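Here's the letter readout for the chains.
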Amino acid sequence: MEEKTCATCGRRIEWRKKWARDWENVRYCSDACRRHKPNDTDRALETTIVELLDRRAAGRTICPSEAAKQVGGDDWRDLMEPARRAARRLVDAGTIEITQQGHVVDPSTAKGPIRLRKA
């Protein structure tokens, strides 16, 4: 079975028997993700993450909060989870890596503070 990533949250989609006949069309891990498809803010976060990393020296990292602050201004805290989702989608695209304590981690299972760097 091929591994899939949710188009909204960027987490790995766990195969379910009920999807056996339609696995090639499965794009979302849950109904919540199906309802919240990536919007303009999500795309702005992805673009901002890439731009911030492009300005950094090779191997340097950023915190997702830096992108959230740039996109959200004073309301940046509300964008922290969307910034993490944007980072997971970028990992799936092969653009960046998510690290914790300097080690690359699985974006689907990473908990706690994360850092982002170019892949």
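What counts, and where the lines are drawn
- Residues numbered from 1 in each chain as written.
- Predicted model: local features only at pLDDT ≥ 70, side-chain atom pairs only at ≥ 80, totals over all residues.
- Heavy atoms only, no water.
- Helix = DSSP H or I, 4+ residues; strand = E, 2+ residues; numbered from the N terminus.
- Rg over C-alpha atoms; globule rule 2.2 N^0.38 Å.
- Buried < 20%, exposed > 50% of the residue type's maximum accessible area, 1.4 Å probe, protein only.
- Contact = heavy atoms within 4.5 Å.
- Areas by Shrake-Rupley, 256 points an atom, 1.4 Å probe, with all protein chains shown as cover.
- Lys, Arg positive; Asp, Glu negative; His and termini not counted.
- Charge placed at Lys NZ, Arg CZ, Asp CG, Glu CD.
- Axes fitted to C-alpha atoms, helices over the stretch in contact; angles between N-to-C directions.
- Parallel < 35°, antiparallel > 145°, perpendicular 65-115°, else oblique.
- Left-handed = near helix turned anticlockwise from the far one by under 90°.
- Nonpolar A, V, L, I, M, F, W, Y, C, P; charged D, E, K, R; others polar.
- Phe/Tyr/Trp six-rings, centres within 6.5 Å; stacked < 30°, edge-to-face > 60°.
- Lys NZ or Arg CZ within 6 Å of the ring centre and 35° of its normal.

**Digging into the overall build of the chain**
A tally of helices and strands in the chain yields four helices and five strands. Beginning at the N terminus, the succession of helices and strands in the chain can be written as β-β-α-α-α-α-β-β-β. Over its C-alpha atoms the chain spans a radius of gyration of 15 Å, differing by no more than 12% from the 14 Å that the globule rule assigns to 119 residues. Projected onto the principal axes, the alpha-carbon positions of the chain cover approximately 45 × 30 × 20 Å. When burial is assessed residue by residue, the chain has 37% of its 119 residues classed as buried. Residue pairs at least 24 apart in sequence account for 42% of intrachain contacts in the chain once pairs closer than 6 positions are excluded. With the model as given, the accessible surface of the chain reaches about 7,400 Å², and the carbon-plus-sulfur share is 45%. Computed over 25 positive and 19 negative side-chain charges, the inter-centroid distance for the chain is 3 Å.

**As for the packing of helix H2 (residues 40-54) against helix H3 (residues 64-72)**
Running from N to C, H2 and H3 point in directions that differ by 125°, and their axes come no closer than 9 Å. The orientation of H2 relative to H3 falls into the category oblique. Every pair of crossing elements has a handedness; the one defined by H2 and H3 is right-handed. Across the interface between the two elements, Thr-41, Ala-44, Leu-45, Thr-48, Ile-49 and Leu-52 of H2 pack against Glu-66, Ala-67, Ala-68, Gln-70 and Val-71 of H3. Looking at side-chain class alone, the contact of H2 with H3 contains seven nonpolar, three polar and one charged residues.

**Describing the packing of aromatic side chains**
Remark: the centre distance and the inter-plane angle together describe each pair of aromatic rings, the angle taken between the planes. The final tally for this structure, using the stated rule, is zero aromatic pairs. Positioned over the ring face of Trp-23 is Lys-4, at 5.1 Å from the centre of the ring. Taking NZ or CZ as reference, Lys-69 lies 4.7 Å from the ring centre of Trp-76, over its face.

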